[in-house]
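Examination of the molecular architecture
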Amino acid sequence: LREKGFKVTIYERGSELFCGSSGGTQFRLHLGLHYPRSFKTRQQIRRSCALFEARYPHLLGNIHENIYAVSHLDGSHLDYGTYLEILNGSQIPHVPIEPSAHGYSNLEGAVKCTEKALLVQAPKTFFQKELADCFVFNHDVQRVENTADGTVMVDGQEFDWCLNCTYNQAFKLHSPDTFYEPCLTLVYQEKTPSTSVRALTVMDGPFPSLYPYLQDMEQCQGTRQRFYTLTNVKHTPLGQYPSFQDAEAARLQCDESVVEHKRVDFEHDILQFYPKFQEDMQYHSFFTSMKTKFYSSSANREVLVQKHGRVVHVMSGKVNTIFEAEERILAHLEPAAIK
């Protein structure tokens, strides 16, 4: 927006950038392999991924061995053959591999892909510097009102437009309906240094995912003991709530005692597919975060942008779909305001 002549003010509830949902993810730059049941989500991801890689290569790290696998155990929504057909039909680059050759078990089949990891600290450092003159930190917006004059008031200050990028956690969209999911992510560190960055995502059901947690570009290179996040479709959610306030209360109640109890389940599940997990990895820490989700049987995570007067609500999808959101936002803004 600044490049198109807009003067931008960014109100951030926290004391720094990405201290909410944006900073509590697995930092996966999706290629589409994670959403075999949602065509819209795959389509948006595929359109935006190349744009993200071209514009922000300094915010990404390579994963030498990034594997998506279909579970042989009960619970998968898809079999391996169907998964391959979806990948092929969506033209998502992948190479079939033999899971056992990589030390994995209980998998019907697996593919290796070129999906990259978003670095953890680099985006925060970059955007806080790039947009330093735009931020108002520690400001939790309380009131947004369209005016009769064709402007919008944000906590008493007048603007031409207001973009609501609160992940539908404030000033909610009228439809479709969403729910809130407080989440627990465990962080592990390799016990011995390695030269390879790897990832394992087990599809498509209540299964685990192990993904690199790389702070900066230096951690992508050389021999070192890297950090990884461990999540689980079944055990990561701390509940589902129609109210953000109730979900936030549940998130804040997650402490070390809760984590110690749930760690048993996390590790039990990953060991079914990665038998040497406890030999290779040691528990380090945890963090909690919040997801806003549509009610959807297809795991839909598409971008949704709606305009109400001079307020444009943005329900974000995956990180690389910021370009999809940008296109839709600009389509709502008055052409005369775009220089």
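Look up: the structure comes first, before these words.
I will try to describe carefully the structure that is included in this document. (Residues numbered from 1 in each chain as written. Predicted model: local features only at pLDDT ≥ 70, side-chain atom pairs only at ≥ 80, totals over all residues. Heavy atoms only, no water.)

1. A few points about the packing of aromatic side chains
In the structure shown here, the tally under the stated rule is 18 aromatic pairs. Their ring planes at 70° and their centres at 5.8 Å tell us that Y180 and F244 sit as a pair that is edge-to-face. With Y180 in strand 13 (residues 178–190) and F244 in helix 4 (residues 244–252), this pair connects stretches of sequence that are 64 residues apart. In textbook terms, an aromatic cluster arises when at least three aromatic residues are bridged by ring pairs, as seen for F18, F52, Y56, F126, F127 and F323. Across from the ring centre of Y211, 4.2 Å away, lies the NZ or CZ of R28, which sits over that ring. Between R310 and the ring centre of W161, over which it is positioned, the NZ or CZ distance is 4.2 Å. (Phe/Tyr/Trp six-rings, centres within 6.5 Å; stacked < 30°, edge-to-face > 60°. Helix = DSSP H or I, 4+ residues; strand = E, 2+ residues; numbered from the N terminus. Lys NZ or Arg CZ within 6 Å of the ring centre and 35° of its normal.)

2. Description of the side chain of R226
Locating R226 in the fold gives a position in the loop between strand 15 (208–212) and strand 16 (227–232). Although R226 is buried, it makes no salt bridge; E190 carries the closest opposite charge, 4.6 Å away. Here S194 takes part through its backbone oxygen, which lies 2.8 Å from a polar atom of the side chain of R226. Looking at R226, its side chain comes within polar contact range of the main-chain oxygen of G222, at 2.8 Å. When neighbours within four sequence positions are excluded, R226 is seen to be in contact with Y188, Q189, E190, S194, T195, S196, V197, L214, Q219, C220 and Q221. (Buried < 20%, exposed > 50% of the residue type's maximum accessible area, 1.4 Å probe, protein only. Lys, Arg positive; Asp, Glu negative; His and termini not counted. Salt bridge = Lys/Arg side-chain N within 4 Å of Asp/Glu carboxyl O. Polar contact = N/O pair within 3.5 Å; in protein donor to acceptor, adjacent residues only side chain to side chain. Contact = heavy atoms within 4.5 Å.)

3. Some words on the environment of K276
Looking at the element boundaries, K276 is found in the loop between helix 5 (256–273) and helix 6 (277–280). Its relative accessible area of 43% is what places K276 among the partly exposed residues. Residues K276 and H77, spaced 199 residues apart in sequence, show a C-alpha to C-alpha distance of 26 Å.

4. Focus: the pattern of salt bridges
This structure, assessed with the given rule, holds 14 salt bridges. The salt bridge involving E3 is made with R55; its shortest N-O contact spans 3.3 Å. In this pair, E3 sits in the segment before strand 1 (10–11) while R55 sits in helix 1 (residues 39–55), placing the two residues 52 residues apart along the sequence. Where E267 meets R263, a salt bridge forms, and the shortest distance between an N and an O atom there is 3.3 Å.

5. Some details on the state of the cysteines
For the structure shown, the criterion picks out zero disulfides. Of all cysteine sulfurs, the one in C165 lies closest to C134, which takes part in no disulfide; the gap is 13 Å. Residue class for C134 comes out buried when judged on its relative accessible area of 4%. Free of any disulfide, C254 has its nearest neighbouring cysteine sulfur in C183, separated by 10 Å. (Disulfide = S-S within 2.5 Å.)

6. Details of the sheet that holds strand 3 (residues 60–61)
Strand-to-strand pairing in sheets goes through backbone hydrogen bonds, with the strands running parallel or antiparallel. Taken in spatial order, the three strands make up an open sheet running 2-7-3, and their pairing is antiparallel. The open sheet has two edge strands with one neighbour each: strand 2 (28–29) and strand 3. Bridge count for strand 3 against strand 7 (residues 116–118) is two bridges, and the pairing is antiparallel. Residue pairing in the sheet places G61 in a bridge with A117 of strand 7. (Pairing = 2+ DSSP bridges.)

7. Some remarks on unusual backbone geometry
At the junction of M203 and D204, the peptide bond is cis and its omega measures out at -20° in the coordinates. Of note, D204 is situated in the loop between strand 14 (198–203) and strand 15. Phi at F18 takes a positive value of approximately 60°, unusual for a residue other than glycine. Relative to the helices and strands, F18 is located in the loop between strand 1 and strand 2. Accessibility expressed as a relative area gives 28% for F18, which makes it partly exposed. Despite not being glycine, F27 has its phi angle at roughly 55°, a positive value. Tracing the backbone through its elements, the reader meets F27 in the loop between strand 1 and strand 2.

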